[in-house]
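Structure at a glance
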Amino acid sequence: MNKQALYHKSDSLYSFAVDAETVEIRLRAGKGELSRVTLVYGSKHKFYLSRSTAEMDLACSDGMYDYFVKRLTLEDKRLAYVFYIQDTDGNKYYYSEDGATESYDFSLAYYNFFQLAYVNANDVMPRVDWLSNATVYQIFIDRFNGAEPPEPESRDKDYINMKWGDKPTPKSFAGGNLDGITEKLGYLCDLGINTLYLTPIFTAVSNHKYDISDYFNVDPHFGGNAAFERLMAECKARGVRVILDAVFNHCSENIAEFRDVCEKGKASPYHDWFVIRGDKPIKKPLNYEVFAECDYMPKWNTANAEVREHLCRIGEYWIKRYGIDGWRLDVSDEVSHGFWREFRTRIKALGADKVLIGENWHDSRSYLMGDQFDSIMNYAFTKAMLDHFVYGKLDAAGLCDRLNGLMMRNFTQVNGMMLNLIDSHDTHRFYTLCGKNERKLLNALAVELFMPGAAMIYYGTEIPLEGGHDPDSRRCFIGREHPFAEKVKDLLAYKKDTAFSGCDVKFTAENGLTVIERAAAGRKLTLIVNNTDSARTARGVRVMPDSYEIIEAEAEN
């Protein structure tokens, strides 16, 4: 046994509360090296006198490790524990804070047992249940649909500089607006959508609106505040939730506060609202922090208390005034942890069910500990889908290893809130990358649907819409009937099944096929995906190449 592969840490991703009464304990070991793991546990103040035992289950494996998991319902919320393990050669060890040892002195256990000192209810990472059941439709507003407002003469079309359906350029304006989304809500609900995620709606000079100059008003191109009010009213009537895009890393150089600094330099009360090296902002050479290399998008200084208050008020305003259901947080990993902690406190005070979803492309456990975000956009899942269905880097076993590894990155309840996606406005269209193979696209969507958390559909995927690198990934939606949309609709209908109400999932590879199981509330759904070039059988079901099958059953007790 490779003792160095053993890993556990108290009060971490390996030891945490799922709710106020339940804790989850995880142990990592070298793949295939342990035959049995027993959890020895008890009250930390009585551990030397009395203990209980529970066998831990081999929950999953990735390319290098096995993960053993046990959930305990606690009567005493002061938990002490060690592991009693047996390797495949029959050797037995205790595993504590001292590592793996052949013996263990329980009379001195208070020196080196693992512990959850006390499970405080307000320290538990809460789960927003509706996000687990959400089927999200992301809309890049300028390219989805343009409709006339109630007063058509009020709509300005002079800014539109491309014909609907032409390939976009970085400076293209096609004329999509919020009334166009309202007009399509019936279509979206029929497809199976129950949540909208809208790219920025606020005043900006660009087509994407990530360069915001006024956070308190909807851009006139999109119909202004009145159009958003109409959209929200119709969404509420249909039970559709709305998530807006919060751009709090940076803003537009046209925003009033930055213009004041450009004019007055250090004499401006807003000079410290931005990160400027010198008296006034200078573009050549650039002496202030910006988004990426964009000198027209200065970075907010969230170390400044006034900036934090300003941005928190923006976040609160759109919830209080219009009743939005949460925020997707743009470039969130470049904004200070301190700000996000403050922002979460302010937003959650308006409703525990208001969600905060970070745009973090990488492992983000430091943001997902219960004090900042509920979840992130799951681009690590996106990459796994590309490596399996597009690039051929992962076979079924490799895909399951990758997905199991992702499940071990976060608390179980965070897994149940992840925003899973195969593409977005920031990526190539999956349909284009897989060679416009509709069956591969549908297979990828099926795997996405079976992931714990929300399933996000990028607008037009159901047509299906093509698209390469930005801005080609932001083509116009073509409102045509397409048989593929019916297949997507049939697939999304499964999202309502109670089997998806929990956070647990099991990934296994069988006969070269990917098998994914979800079970909860007495229901079990099993997805079998064949990404090979030959018909194969798993779980007694024969699956054709580039196809999937879903098995419905009652869950075992």
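Report on the accompanying structure. Computed from a prediction, not measured in an experiment: that's the story for all the values here.

This brings us to the nonpolar core. Counting 133 residues, the largest nonpolar core has Leu198, Phe228 and Trp327 as its most contacted members. By residue number, the principal contributor to this core is helix H11 (residues 438-450), which donates 8 residues. Residues contacting Phe228, with those up to four places away along its chain left out, are Leu178, Leu198, Ile201, Val218, Leu244, Trp318, Tyr322 and Ile324.

Our focus in this paragraph is the side chain of Asp472. Mapping Asp472 onto the fold places it in the loop between strand S22 (454-458) and helix H12 (483-492). Its relative accessible area of 15% is what places Asp472 among the buried residues. Engagement of the side chain of Asp472 in a polar contact is seen with the side chain of Arg475, the distance being 2.9 Å. Leaving out residues up to four positions away in the same chain, Asp472 has contacts with Lys167, Pro168, Glu466 and Gly467.

The next point concerns the pattern of salt bridges. For the structure on display, the rule yields 42 salt bridges. Its salt-bridge partner being Asp245, residue Arg328 comes within 2.9 Å of it at the nearest N-O pair. Of this pair, Arg328 sits in strand S18 (residues 326-329) while Asp245 is found in strand S15 (residues 241-246), placing the two residues 83 residues apart along the sequence. You'll find Arg328 and Asp245 in the same group, each marked buried. A salt bridge links Arg365 to Asp363; the nearest nitrogen and oxygen atoms lie 2.6 Å apart. Judged by relative accessible area, Arg365 falls into the partly exposed class, the value being 43%. A relative accessible area of 35% means that Asp363 is categorised as partly exposed. Here the salt bridges share partners, and the residues they tie into one network are Glu24, Arg26, Arg71 and Asp504.

Further remarks concern the sheet that holds strand S23 (residues 506-510). A sheet is described by the order of its strands in space; here 4 strands give the open sequence S23-S24-S25-S28, paired in antiparallel fashion. The sheet is open, and its two borders are formed by S23 and strand S28 (547-554), each paired with just one other strand. On average, adjacent strands in this sheet sit at an angle of 20° to one another, irrespective of strand direction. Here strand S24 (residues 513-520) runs beside strand S25 (residues 523-530); their pairing, made up of 7 bridges, is antiparallel.

We now examine the sheet that holds strand S1 (residues 15-17). Within the open sheet, the 4 strands sit side by side as S1-S2-S6-S5. Their pairing is antiparallel. Here the strands that pair on one side only, and so sit at the sheet edges, are S1 and strand S5 (57-61). Strand-to-strand, the axes of this sheet are offset by a mean angle of 30°, without reference to chain direction.

For the rest of this paragraph, the subject is helix H8 (residues 396-407). Compared with an ideal rise of 1.5 Å per residue, which puts 12 residues at 16 Å, H8 spans 17 Å between its outermost C-alpha atoms and is within 8% of the ideal. Where burial is concerned, most of H8 is hidden: 9 out of the 12 residues are buried. The complete set of buried residues in H8 reads Ala396, Gly398, Leu399, Cys400, Leu403, Asn404, Gly405, Leu406 and Met407. Here H8 starts with a cap whose side-chain oxygen sits 3.2 Å from the backbone nitrogen of Ala397, and that cap is Asp395.

Quick look at unusual backbone geometry now. The omega torsion of the bond from Lys284 to Pro285 falls at -10°, within 30 degrees of zero and hence cis. Relative to the helices and strands, Pro285 resides in the loop between helix H4 (256-264) and strand S16 (290-291). Phi at Arg539 takes a positive value of approximately 55°, unusual for a residue other than glycine. The topology assignment puts Arg539 in the loop between strand S26 (536-538) and strand S27 (541-543). One non-glycine residue, Asp546, lies in positive phi territory at about 55°. Topologically, Asp546 is positioned in the loop between S27 and S28.

About the cut-offs
- Residues numbered from 1 in each chain as written.
- Predicted model: local features only at pLDDT ≥ 70, side-chain atom pairs only at ≥ 80, totals over all residues.
- Heavy atoms only, no water.
- Core = buried A, V, L, I, M, F, W, Y, C linked by side-chain atoms within 4.5 Å.
- Buried < 20%, exposed > 50% of the residue type's maximum accessible area, 1.4 Å probe, protein only.
- Helix = DSSP H or I, 4+ residues; strand = E, 2+ residues; numbered from the N terminus.
- Contact = heavy atoms within 4.5 Å.
- Polar contact = N/O pair within 3.5 Å; in protein donor to acceptor, adjacent residues only side chain to side chain.
- Salt bridge = Lys/Arg side-chain N within 4 Å of Asp/Glu carboxyl O.
- Pairing = 2+ DSSP bridges.
- Axes fitted to C-alpha atoms, helices over the stretch in contact; angles between N-to-C directions.
- Expected span 1.5 Å × (residues − 1).

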